[in-house]
Amino acid sequence: MGRRNRIAEDNEGVVIIRAIDGLDLELKSGDRLGLIGHNGAGKSTLLRVLAGIYPPTSGSIELIGKTVPLLDISLGMDDQSTGRQNIRLRGLLLGMTHNEIKSKTEEITEFTGLGDYLDLPLRTYSSGMRVRLAFAISTAVDADILLLDEVLGVGDASFQEKATRRLEELHKRAEIVVLAIHSSDTIRKTCNKVLWMERGKARMFGSVDDVVDTYDRIMNPSPPYQSFRKRIQQKKSLRSKWSRRTV
């Protein structure tokens, strides 16, 4: 496979995609890394490699501490089991011990606000109820390295504020956070470093303001006529005010 080709075939005709190419990255305690880039840039693949889901085909990864991936918050939940039983199932999948699950069950139960519904099978839940339960379990975990993939956009509007506060608490408990999300505002509020990925490579790595400002300027440029249109709208607004006064 040529070095410049991201998609190619091996000798047996199998299509090979170089999802991440030549990435060299080091994070230390206290780092909050935001991953940005268009769809297919390699952000989710990088999170899965860090989580140990995909082994790297070359190079190496060294992780020190407990790594918890919150890439699919509903993974491992069983429709035939009750909400309480799913707390245990999902907790075990996240690497929690039996004692940890037992000590956190009451807090998880209270956060969901589902009450007696927790004694019913998951198949009877609405989509919103499922999200509440899955989110509550996933964010109860204690991690040294936390991997997040668009988890911030969960639940309905009434649940968003509550969920955001809980995620902030989760971030504080973790030594390192790696977050992939399509929101420059969230990246600015949450992270201290940003990696801009493009075609599996690092296009830019550095401080939040430097990278996000450059990304927004290049990827989301303002129309050159925007300021002109704004002036026209302001003139129309003034004309409307004067015409109302005249009448």
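We now turn to the structure provided with this report.

Cut-offs and rules
Residues numbered from 1 in each chain as written. Predicted model: local features only at pLDDT ≥ 70, side-chain atom pairs only at ≥ 80, totals over all residues. Heavy atoms only, no water. Helix = DSSP H or I, 4+ residues; strand = E, 2+ residues; numbered from the N terminus. Buried < 20%, exposed > 50% of the residue type's maximum accessible area, 1.4 Å probe, protein only. Polar contact = N/O pair within 3.5 Å; in protein donor to acceptor, adjacent residues only side chain to side chain. Contact = heavy atoms within 4.5 Å. Axes fitted to C-alpha atoms, helices over the stretch in contact; angles between N-to-C directions. Parallel < 35°, antiparallel > 145°, perpendicular 65-115°, else oblique. Left-handed = near helix turned anticlockwise from the far one by under 90°. Nonpolar A, V, L, I, M, F, W, Y, C, P; charged D, E, K, R; others polar. Salt bridge = Lys/Arg side-chain N within 4 Å of Asp/Glu carboxyl O. 1 Å grid on protein atoms, 1.4 Å probe; cavity = no way out; pocket = protein on both sides within 12 Å on 5 of 7 lines; lining within 4 Å. Points joined across faces, edges and corners; volume = space filled by probe spheres on them.

## Examining the side chain of T139
- Within the secondary structure, T139 is located in the loop between α4 (127-138) and β5 (145-149).
- According to the relative accessible area criterion, T139 is buried, its value standing at 2%.
- Separated by 2.6 Å, the side chain of T139 and the backbone oxygen of F135 make a polar contact.
- Beyond its immediate chain neighbours, meaning those up to four positions away, T139 contacts R166, L167, L170 and R173.

## Some words on the packing of helix α2 (residues 83-93) against helix α3 (residues 98-112)
- It is the contact of α2 with α3, at a shortest axis distance of 10 Å, that shows an interaxial angle of 130°. Comparing their axes, α3 and α2 come out oblique. Relative to α3, the crossing made by α2 is right-handed. Judged by residue contacts, R84, I87, R88, G91 and L92 of α2 engage H98, I101, T105, I108 and T109 from α3.
- Along the lines of polarity and charge, the residues of the contact of α2 with α3 split into 4 nonpolar, 4 polar and 2 charged.

## Some thoughts on the pattern of salt bridges
- Enumeration according to the criterion identifies 12 salt bridges in this entry.
- Measuring nitrogen to oxygen at the nearest pair gives 2.8 Å for the salt bridge that ties D119 to R84. Taken together, the positions of D119 in the loop between α3 and α4 and R84 in helix α2 put the pair 35 residues apart, joining distant regions of the chain.
- Here R188 makes a salt bridge to D209, at a shortest N to O gap of 3.2 Å. Of the two residues, R188 is situated in helix α6 (residues 184-190) and D209 in helix α7 (residues 208-219); the sequence distance between them amounts to 21 residues.
- Judged by its relative accessible area of 47%, D209 is partly exposed.
- Within the structure, one salt-bridge network assembled from shared partners comprises R188, D209, D213 and D216.

## Remarks on the layout of surface pockets
- By volume, the largest pocket amounts to about 990 Å³.
- As for the largest pocket, its lining consists of 31 residues, of which L23, L46, V49, S60 and I61 are closest to the centre.
- Secondary-structure elements contributing two or more residues to the lining of the largest pocket are β2 (15-17), α1 (43-51), β5 and β6 (176-180).
- With 4 residues, α1 is the largest single contributor of residues to the lining of the largest pocket.
- Taken together, the residues of the lining of the largest pocket break down into 21 nonpolar, 6 polar and 4 charged.

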